[in-house]
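What follows is the residue order along each chain.
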Amino acid sequence: MEFSTVLKNLRESRNITQEQLAKHLQVSRSTVAGYETGRRQPDIGRLCKLSSLFDVSLDYLLTGTSAASPQELEPVISEKGLDRKVMRAYKTLSTASRQDVLEYIQLLQLKEKQQK
């Protein structure tokens, strides 16, 4: 898979607009559109920002695949990446659902405390 397709798929799967991505990369929306059509290529600094933002390797970002063995392809999420995903999902919830999340977290904390 080409970089342009990988980028577009990653952006859309995370519900990020071209405008939002452009602001993150400090480029114009048309530059992001150029990345997604293959007419433009980002510099290494922006590739690194994209890799970090989407929590994928540069390998994956550039080719859609990883050079790792199949066993290593299981998603490994860093603590920071997991925090970002949790907060992104949390922010989409209603107030009532956010309260449910808080109560569930408190239940998990109690369970872990009892296991110690």
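Given the structure is predicted, the values throughout are model-derived calculations rather than measurements. Along each chain, numbering runs from 1 in the same order as the chain's sequence is written. Reporting of local features is limited, given that this is a predicted model, to residues whose pLDDT is at least 70; pairs of side-chain atoms are given and counted only at 80 or more, and all residues count toward the totals for whole chains, interfaces and linings. As a rule here, side-chain values come from all non-hydrogen atoms in the structure, and water together with hydrogens is ignored.

A.B. asks: Would you mind going over the confidence of the model for the chain with me for this structure?
C.D. replies: Low pLDDT marks stretches whose predicted atomic positions should not be read closely. pLDDT is defined as a per-residue confidence score from the predictor, taking values between 0 and 100. Across the chain, pLDDT averages 86, with 91% of residues at or above 70. The helix and strand labels rest on DSSP assignments: H or I over at least four residues marks a helix, E over at least two residues marks a strand, and numbering proceeds from the N terminus. No element of the chain has a lower mean pLDDT than helix H6 (residues 79–90), at 83, and none a higher one than helix H3 (residues 29–37), at 96. For this analysis, residues touch if any pair of their heavy atoms sits within 4.5 Å. Of the regions scoring below 50 in pLDDT, residues 68–73 engages in two contacts with residues more than four places distant in sequence or in other chains.

A.B. asks: It is not clear to me how the pattern of salt bridges should be interpreted in this structure. Could you clarify?
C.D. replies: Charged atoms that come close allow side chains of opposite charge to pair. The term salt bridge refers to a side-chain nitrogen of Lys or Arg lying within 4 Å of a carboxyl oxygen of Asp or Glu. One pass over the structure, following the stated rule, counts three salt bridges. Residue Arg11 is joined to Glu12 by a salt bridge in which the shortest nitrogen-to-oxygen separation is 3.9 Å. Here Arg11 falls in the buried class, since its relative accessible area comes to 8%. Owing to a relative accessible area of 41%, Glu12 belongs among the partly exposed residues under this scheme. Here Glu36 ties to Arg11 by a salt bridge, and the two come within 2.4 Å at their closest N and O atoms. Placement of the pair is Glu36 in helix H3 and Arg11 in helix H1 (residues 3–13), with a sequence separation of 25 residues. When a residue's accessible area, from a 1.4 Å probe over protein chains only, is under 20% of the maximum for its type it is buried; when over 50% it is exposed; and in between it is partly exposed. Look at Glu36 and you get buried, because its relative accessible area is 11%.

A.B. asks: What exactly am I supposed to notice about the environment of Thr37 here?
C.D. replies: Note that Thr37 resides in helix H3. The class of Thr37 is partly exposed, set by a relative accessible area of 48%. Sequence spacing of Thr37 and Gln20 is 17 residues, and the spatial spacing of their C-alpha atoms is 17 Å. Here the side chain of Thr37 touches Gly34 through a polar contact of 3.3 Å, landing on its backbone oxygen. Contacts described as polar in this section are N or O atom pairs within 3.5 Å, which, within protein, must combine one atom able to donate a hydrogen with one able to accept it, while residues neighboring in sequence count only if both atoms come from side chains.

A.B. asks: So what exactly am I meant to see when it comes to the side chain of Ser51 here?
C.D. replies: Take Ser51: it is sitting in helix H4 (residues 44–54). Judged by relative accessible area, Ser51 falls into the buried class, the value being 13%. Leave out the neighbours within four places in its chain, and Ser51 touches Val56, Ser57, Leu58 and Leu61.

A.B. asks: What is the right way to look at the side chain of Gln18 in this model?
C.D. replies: Inspection of the secondary structure puts Gln18 in helix H2 (residues 18–25). Setting aside anything within four residues of it in sequence, one finds Gln18 in contact with Arg11, Arg29, Val32, Ala33 and Glu36.

A.B. asks: It is not clear to me how unusual backbone geometry should be interpreted in this structure. Could you clarify?
C.D. replies: The phi angle of most residues is negative, glycine excepted, and most peptide bonds adopt the trans form. Even without being glycine, Gln26 reaches a positive phi, approximately 60 degrees. Tracing the backbone through its elements, the reader meets Gln26 in the loop between H2 and H3. Phi is positive for Asp55, close to 55 degrees, though the residue is something other than glycine. Relative to the helices and strands, Asp55 resides in the loop between H4 and helix H5 (58–63).

A.B. asks: What is the right way to look at empty space enclosed by the protein in this model?
C.D. replies: A probe matching the size of a water molecule, rolled over the atoms, marks out where space remains unfilled. Here a cavity is any set of points on a 1 Å grid over the protein atoms alone where a 1.4 Å probe fits but cannot get out, and a pocket is any open set with protein on both sides within 12 Å along at least 5 of 7 lines; a residue lines the site when it has an atom within 4 Å of a point. Grid points are joined across faces, edges and corners, and a volume is the space filled by probe spheres set on the points. Taken as a whole and judged by the stated rule, the model has one cavity of 30 Å³ or more. In this structure, the largest cavity encloses a volume near 30 Å³. Residue lining of the largest cavity: Arg14, Leu53, Phe54, Asp55, Gly81, Arg84, Lys85 and Arg88, and that is the complete set. Those elements that place two or more of their residues in the lining of the largest cavity are H4 and H6. At four residues, H6 tops the list of elements feeding residues into the lining of the largest cavity. Residues are grouped as follows: Ala, Val, Leu, Ile, Met, Phe, Trp, Tyr, Cys and Pro are nonpolar; Asp, Glu, Lys and Arg are charged; all remaining types, including Gly, are polar. Split into classes, the residues belonging to the lining of the largest cavity amount to two nonpolar, one polar and five charged.

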